[in-house]
Amino acid sequence: MEFSSSTTKPIKICFLGYGKLYELAKEITTELSSEEVTYLLYDCDMDTQDRCIQDALEQGCEVFIAGPGNAAYFRSKHNLPLLEIPIRIVEYAVAVKKALTDGHKKIAVAHYNYTPPIDVETLSKLMSCEITEIKFENVPDLYHLMQASDCDAFVGAAATFHAAETLGKAGYLVYSRPSSLRNVCLQAAELARNIAQTRRNRAITNAIMQNSALAIIVTDMDGKIDFFNRVAQNYSGLSSVQ
């Protein structure tokens with residue numbers, strides 16, 4: 001009974017980005033990828049995410065990374081390990097300041113309806129200007145709300161930035177620090193390593209217990225049998241499925 005580290009599968013991590021975030025992630029993950037860790041990037045939004053996740057799972061991904069919009073949609077449908085790229089109020093402030101410096105007067109911050117709320121009141125006081133909040137359900141809804149708005153600049157994540165570009169409006173991306181993306185990628189790799197190590201430890205423990213000369217029965221807190229090795233089966237005359 002031997003377990004060799006050379007048989008360990010490479011770690012695969014799925015990055016669900018969109019537009020500009022996808023481009024930023026491509027630069028960072030290219031630098032971080034190695035023989036041990038591979039990052040699979042998908043340029044997707046909430047409308048195309050399901051297909052991307054299915055493909056990532058088929059490719060062997062176990063840990064996922066996403067921005068706020070994709071992360072909120074992901075959690076509504078999946079119970080898989082996910083790291084969300086954090087956006088702090090200071091990053092909104094930096095983007096709003098750029099918009100003000102460029103001469104814009106009416107500024108809106110946009111975010112997916114199910115992402116953590118933005119403290120617009122605090123942000124307005126911090127930047128000494130009135131800021132409009134736009135909440136959207138999906139990408140088509142975002143386009144509609146931006147077209148109907150009288151704001152001349154829009155601050156937000158990748159979907160907002162891309163929509164502004166498409167509509168010919170000024171867009172400002174809130175991911176002002178590549179280091180935050182890099183840190184999340186490194187955290188995802190560490191989480192994937194821990195998951196792989198836990199699985200490996202479980203396999204080793206199971207092999208040891210199965211091949212033990214002693215009868216071993218493991219139960220949960222309610223007395224339900226979780227494990228029933230071969231010797232215990234031979235002594236009792238029962239099978240593991242029984």
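Residues numbered from 1 in each chain as written. Predicted model: local features only at pLDDT ≥ 70, side-chain atom pairs only at ≥ 80, totals over all residues. Heavy atoms only, no water.

Draft legend 1. Highlighting the nonpolar core. Of all hydrophobic cores here, the largest spans 62 residues; its most connected members are Ile13, Ile65, Val96, Val109, Val155 and Tyr175. If you tally residues by element for this core, the top one is helix H8 (residues 178–210), at 6 residues. If you look at the next biggest cluster of nonpolar residues, it comprises 14 residues, including Cys14, Ile53, Ala66 and Leu82. (Core = buried A, V, L, I, M, F, W, Y, C linked by side-chain atoms within 4.5 Å. Buried < 20%, exposed > 50% of the residue type's maximum accessible area, 1.4 Å probe, protein only. Helix = DSSP H or I, 4+ residues; strand = E, 2+ residues; numbered from the N terminus.)

Draft legend 2. Structural context of the packing of aromatic side chains. Using the criterion set out here, one finds 3 aromatic pairs in the structure. Through a chain of ring-to-ring contacts, the aromatic side chains of Tyr112, Tyr114 and Phe136 assemble into a single cluster. (Phe/Tyr/Trp six-rings, centres within 6.5 Å; stacked < 30°, edge-to-face > 60°.)

Draft legend 3. Expanded view of the sheet that holds strand E6 (residues 131–136). The 4 strands lie next to each other as E6-E5-E7-E8, forming an open sheet whose pairing is parallel. Across the chains shown, the open sheet's two edge strands, defined by having one partner strand only, are E6 and strand E8 (170–173). The average undirected angle you get between the axes of adjacent strands in this sheet is 25°. Contacts between helix H5 (residues 120–127) and the sheet are confined to strand E5 (107–112) and E6, with E6 contributing the most and set at about 150° to the helix. (Pairing = 2+ DSSP bridges. Axes fitted to C-alpha atoms, helices over the stretch in contact; angles between N-to-C directions. Contact = heavy atoms within 4.5 Å.)

Draft legend 4. Representation of a nonpolar patch on the surface. A cluster of nonpolar side chains, Ile89, Val90 and Val94, forms an exposed patch at the surface whose accessible area comes to about 190 Å². Looking at where valine 94 falls in the secondary structure, it is placed in helix H4 (residues 89–101). (Patch = residues over 30% accessible without salt bridge, like charges linked within 9 Å, V, L, I, M, F, W, Y side chains within 5 Å. Areas by Shrake-Rupley, 256 points an atom, 1.4 Å probe, with all protein chains shown as cover. Salt bridge = Lys/Arg side-chain N within 4 Å of Asp/Glu carboxyl O.)

Draft legend 5. Broad picture of the environment of tyrosine 73. Summarising the element assignment, tyrosine 73 is placed in helix H3 (residues 68–77). Each C-alpha atom of the pair tyrosine 73 and methionine 46 lies 6.5 Å from the other, and the pair is 27 residues apart in sequence. Once you skip the residues sitting within four places of it in the chain, tyrosine 73 turns out to touch Met46, Gln49, Asp50 and Tyr112. A distance of 3.2 Å separates the side chain of tyrosine 73 from the side chain of aspartate 50, its partner in a polar contact. At a separation of 3.5 Å, a polar atom in the side chain of tyrosine 73 contacts the side chain of lysine 77. (Polar contact = N/O pair within 3.5 Å; in protein donor to acceptor, adjacent residues only side chain to side chain.)

Draft legend 6. Representation of the environment of isoleucine 87 within the structure. Here isoleucine 87 shows up in the loop between strand E4 (82–84) and H4. Apart from residues lying up to four places away in sequence, isoleucine 87 is in contact with Pro68, Tyr92, Ala157, Val174 and Tyr175.

Draft legend 7. Representation of unusual backbone geometry. The phi angle at serine 128 is positive, at roughly 55°, despite the residue not being glycine. Within the element layout of this structure, serine 128 appears in the loop between H5 and E6. Among the residues examined, serine 128 registers a relative accessible area of 67% and is labelled exposed.

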